[in-house]
Every structure is written in structure tokens, then in C-alpha cells.
Amino acid sequence: MKSTVTEEDTVPQHVCIIMDGNGRWAKKRLMPRTFGHRKGVEITRRSIEFFARAGVKYLTLFAFSSENWNRPQDEVSTLMELFIQSLKENSAELNDKNIRIRFIGDREAFPQALQDQIAESEALTADKHLMKLNIAANYGGQWDILNAVKTIASRVTKGELTVKQIDQQLVASALSLADTPDPDLFIRTGGEQRVSNFLLWQLAYTELYFTEVLWPDFSEQEMQKALTVYSRRQRRYGKTLEQMET
Ligand code: IPE
Ligand code: IPE
Ligand code: MG
């Protein structure tokens, strides 16, 4: 089923989202921040369904940044528990909906139970292809670029590559989302207008969409609004308006 408002050819192929605002949503209700994270999980489920139906082929969600370890210990543990629980509860449904799930980021820092659950969910859905869902967890854009630099440097040291052979494509192929086209649309809920160390290399020509709406309030109507705004943007990639019109 196609989304109603947006034309098929203007549906972004790859959407990435910074799901921000859970804590403030809870605070407004005089509840602990973790209450907001629980509600956030529900919206995450709904957004995956929405974007898959809209015809989006790749969806990359920022779930936990490499800087989020600096939060209070009990919030971090609750988030780990929530990741395990929601993967347990939703992996079969993703599989049924023909959605592949993959994690990007340094998973080795996670509790073993979470690492095992991630591996299980990835294996279960490995051959699914309606939509490719990437969850960025313990992810940082600088970490990603640093890893790519190290991989390339070690290939040069081994004599597999010359410095001259290093080009944009080679760097892109050493990053976490190597097999994925760059995001067409970036969405950040929660009102902050920054990238917070999300996909840095890959956002070079991405259309940015910021909304004040907090993640737990990000309804299907708001999701559709982001797609509609995107469909009205003109992407020029450095060219002039006149060049684009001919
Ligand atoms: C985003 O919501 C979720 C995570 C970072 C895990 P926040 O928890 O950052 O919510 P605010 O920004 O404090 O409202
Ligand atoms: C970005 O949100 C990370 C995630 C949504 C997972 P933050 O709430 O951590 O970002 P800052 O601290 O406001 O930049
Ligand atoms: Mg935040």
C-alpha cells in the first residue's frame, strides 16, 4: 500500500531519524524519563510500519549514541532492558513483514544478553528485503569514520592498496552503511537542530527536517508531514536552479 499524499517518485529511498524528546515528554507528565522511553518504543514500532508502507527502502534509526553512556546509570540500564525486550517482542513481526533488521555501532560494549538478542534478530530477518532497517546503537559518526580510516590504513600497510587509490567511494565502502545509499531525508524530533554525531559522512547531501514534536508524540500524521515537506524540496547537488529545470 502506497502512502496517500506523496507521489511514488518523491518518496525518499532512505530515511534516517534522530528519535529525540522521550525524557522531556515524560517530564511534562511528571513521570520518570524511562516512562518516555517506553512510549518511545511504541512510536518506533509504528514509524517502522509507516515508512515501510510508504515505500521507503532503508530506514536508519538512532537509538543510542556513543555519548549516551554518560547518562545516569539507571536510565542506561533501563534502555538496555528495553532494547532486549522490544527486540524479543517485535522480531517475528518484522520477519513477517519482510523487514531486515541490522545494528550499526560498537555492539561489544553492550551486555551479553543484548548482544545475543541482536545476533538472533539479525539472523532471523537476514534474507528479508521489503525494507532494510538499521538501528544505530552505541553508534557515533566520528567512530564510524575513524574505523574506516583504520581499515584503509591497514590495507595500505599490507600493500593491498596505494594512497592514490583512496577515493570517496573507497571511504564510503569502509563505513557501517557501505551497502546502503546515503539518506535522502533526515528527521530529528524534539526541537534540537543538530546532528549529535549521527551519520556524518553520509549526510553530505541529505535533506534535513527538524520538528519540535517530541518523539512519543510523533504520530503518523507528523510522519506524513515530513514526507510531504521532503517531496516539495528541490535537490540541486551544487548545480543551479536553471540547470535543474532543463
Ligand atoms: C531520545 O530521547 C532517546 C535516547 C537518547 C535514548 P532523550 O532521552 O534524549 O529525551 P530528551 O531529549 O531528554 O527529552
Ligand atoms: C541523540 O539524542 C541520540 C539519540 C536520539 C539516540 P541526544 O538527546 O543524546 O542528543 P543531544 O545530547 O541533545 O545532542
Ligand atoms: Mg535528547
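These numbers come from a predicted model, not from an experiment. (Residues numbered from 1 in each chain as written. Chains lettered and ligands numbered in written order. Predicted model: local features only at pLDDT ≥ 70, side-chain atom pairs only at ≥ 80, totals over all residues. Heavy atoms only, no water.)

Some details on the site of ligand 2
- As a structural note, the neighbourhood of ligand 2 is formed by Ile18, Met19, Asp20, Phe62, Ala63, Phe64, Ser65, Asn68, Arg71, Arg188, Arg194 and Ser196.
- Here asparagine 68 contributes a side-chain N or O atom positioned 2.9 Å from an oxygen atom of ligand 2.
- Summarising the interface, the protein chains cover 78% of the accessible area of ligand 2, which totals 390 Å² for the free molecule.
- Using a 2 Å cut-off from the grid points, one finds that ligand 2 occupies the largest pocket. (Near = heavy atom within 4 Å. Polar contact = N/O pair within 3.5 Å; in protein donor to acceptor, adjacent residues only side chain to side chain. Areas by Shrake-Rupley, 256 points an atom, 1.4 Å probe, with all protein chains shown as cover. 1 Å grid on protein atoms, 1.4 Å probe; cavity = no way out; pocket = protein on both sides within 12 Å on 5 of 7 lines; lining within 4 Å. Sits in = over half its atoms within 2 Å of the grid points.)

Some words on the layout of surface pockets
- In this structure, the largest pocket encloses a volume near 910 Å³.
- Taken together, 42 residues line the largest pocket, and the ones lying closest to its centre are Met19, Thr44, Phe62, Ala63 and Phe83.
- Contributing elements (two or more residues each) for the lining of the largest pocket: α1 (22-28), α2 (33-54), β2 (58-65), α3 (73-96), β3 (99-104) and β4 (131-139).
- As a volume, the second largest pocket reaches approximately 280 Å³.
- Considering the residues around the second largest pocket, the lining is formed by 15 residues, among which Ala172, Asp182, Trp201, Gln202 and Ala204 are closest to the centre.
- Residues of the lining of the second largest pocket, tallied by class, amount to nine nonpolar, three polar and three charged. (Points joined across faces, edges and corners; volume = space filled by probe spheres on them. Helix = DSSP H or I, 4+ residues; strand = E, 2+ residues; numbered from the N terminus. Nonpolar A, V, L, I, M, F, W, Y, C, P; charged D, E, K, R; others polar.)

Considering the side chain of arginine 235
- Turning to its location among the elements, arginine 235 is positioned in the loop between α7 (220-231) and α8 (241-245).
- Here tyrosine 230 takes part through its side chain, which lies 3.2 Å from a polar atom of the side chain of arginine 235.
- Within the local environment of arginine 235, its side chain forms a polar contact with the side chain of tyrosine 237, the two groups lying 3.3 Å apart.
- Residues within four places of arginine 235 in sequence aside, it is in contact with Pro183, Asp184, Tyr205, Thr206, Glu207, Tyr230 and Met244. (Contact = heavy atoms within 4.5 Å.)

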